[in-house]
Amino acid sequence: MSHLSNSVTTHLRAPNTAPVDAPEAQVPADHELVLKVIPLPGDANANGDIFGGWVMAQVDLAGSVLPARYAQGRMATVAVNQFIFRAPVRVGDILSFYAKMERIGRTSMTVNVGVYAERFNNQGRYIKVTEAQLTYVAIDDEGKPRPVPRTDD
Ligand SMILES: CC(C)(COP(=O)(O)OP(=O)(O)OC[C@H]1O[C@@H](n2cnc3c(N)ncnc32)[C@H](O)[C@@H]1OP(=O)(O)O)[C@@H](O)C(=O)NCCC(=O)NCCS
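Residues numbered from 1 in each chain as written. Predicted model: local features only at pLDDT ≥ 70, side-chain atom pairs only at ≥ 80, totals over all residues.

Before going further, it helps to spend a moment on the pairing of strand β6 (residues 126–138). Inspection of the sheet shows strand β1 (residues 24–25) paired to β6 by 2 bridges, in the antiparallel sense. By the bridge assignment for β6, A25 is matched with Y126. For strand β3 (residues 75–85) and β6, the ladder comprises 9 bridges, and the chain directions are antiparallel. Bridging across to β6, Q82 finds its partner in Q133. Note: strand β5 (residues 108–118) against β6, 11 bridges, orientation antiparallel. Counted as the bridge partner of Y116 is K128 from β6. (Pairing = 2+ DSSP bridges. Helix = DSSP H or I, 4+ residues; strand = E, 2+ residues; numbered from the N terminus.)

The topology assignment puts R150 in the segment after β6. Between the C-alpha atom of R150 and that of A71, which follows or precedes it by 79 residues, the distance is 9.3 Å.

Moving on to the site of the ligand. The local shell around the ligand holds 13 residues, among which A79, G105, R106, T107 and S108 are the closest. Elements with a minimum of two residues in the shell around the ligand: β3 and β6. (Near = placed C-beta within 6 Å.)

What follows covers the nonpolar core. Membership of the largest hydrophobic core comes to 27 residues, with the highest contact counts inside it found for V59, F97, A99, V113 and V115. Mapped onto this core, the elements with two or more residues apiece are α2 (52–71), β4 (94–104), β5 and β6. Filtering out sequence-adjacent residues up to four positions away, A99 remains in contact with H31, E32, V34, A62, G63, V65, L66, V111, N112 and V113. (Core = buried A, V, L, I, M, F, W, Y, C linked by C-beta atoms within 7 Å. Buried ≥ 20, exposed ≤ 12 C-beta atoms within 10 Å, placed from the backbone. Contact = placed C-beta atoms within 7 Å.)

Bringing the pairing of β5 into the picture now. Counting buried positions along β5 yields 8 of 11 residues, so the element is predominantly enclosed. Sheet topology places β4 next to β5; 10 bridges connect them, and they run antiparallel. Across the sheet, the residue bridging to R103 is T110, located in β5. Connecting β4 to the next strand, β5, in antiparallel fashion are 3 residues.

Glancing now at α2. Spacing of three or four residues puts side chains on the same side of an α-helix, whose turn is 3.6 residues. Its 20 residues give α2 an end-to-end C-alpha distance of 28 Å, which sits within 8% of 28 Å, the value for a rise of 1.5 Å per residue. In α2, a bend of some 40° at V65 exceeds every other bend along the element, and P67, a proline, comes one to four places later. Along α2, the residues that are buried comprise V55, Q58, V59, A62, G63, S64, L66, P67 and A71. Of the surrounding elements, those touching the buried residues of α2 are β2 (32–37), β3, β4, β5 and β6. (Expected span 1.5 Å × (residues − 1). Bend = angle between axes of the 7 residues up to and from the residue.)

Right, let's get into unusual backbone geometry. The phi dihedral of Q72 is positive, around 55°, even though this residue is not glycine. Residue position: Q72 is located in the loop between α2 and β3.

Given below as structure tokens:
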């Protein structure tokens, strides 16, 4: 066991701090800031960048914030319609998650999420690292779809 963990450790690289040739982006004025989080070394992959599955989990959480206002109760992610990793996320980046409701159906809610990174040594300069679209479904106590309450109800 110790032989295995030593062998894995020797293949891991230090966190990647090399400059990234990614264009500066403006955070979207028509989206709402729903989450900020800083990835830690334990969230990195073997390249020293942040593991994509960690980013996906944060996007799933961030994407649920606006639909939760409409669902007013239990809901579940039914689909990740689109997920694009545009630039690597680095250990120590400050990640900002911006969301906008795209569509409210009978039981489902679709939301767009954009993720912007401020490199730890370049605060105030945003790089768009990820964009995604997810759909959530309001569910009842049995886990079955239920209508999203209408605001005029
Ligand atoms: C979410 C769940 C309750 C939906 O049940 P279902 O019987 O498949 O639902 P329906 O076919 O009636 O569809 C419900 C809504 O979801 C939408 N939907 C279903 N599949 C979809 C898909 N692949 N993409 C986008 N929307 C979808 C439908 O269009 C419908 O929307 P509307 O009522 O606004 O028109 C069920 O699929 C489920 O429990 N899935 C697992 C959820 C989960 O564990 N998520 C975490 C994953 S780790």
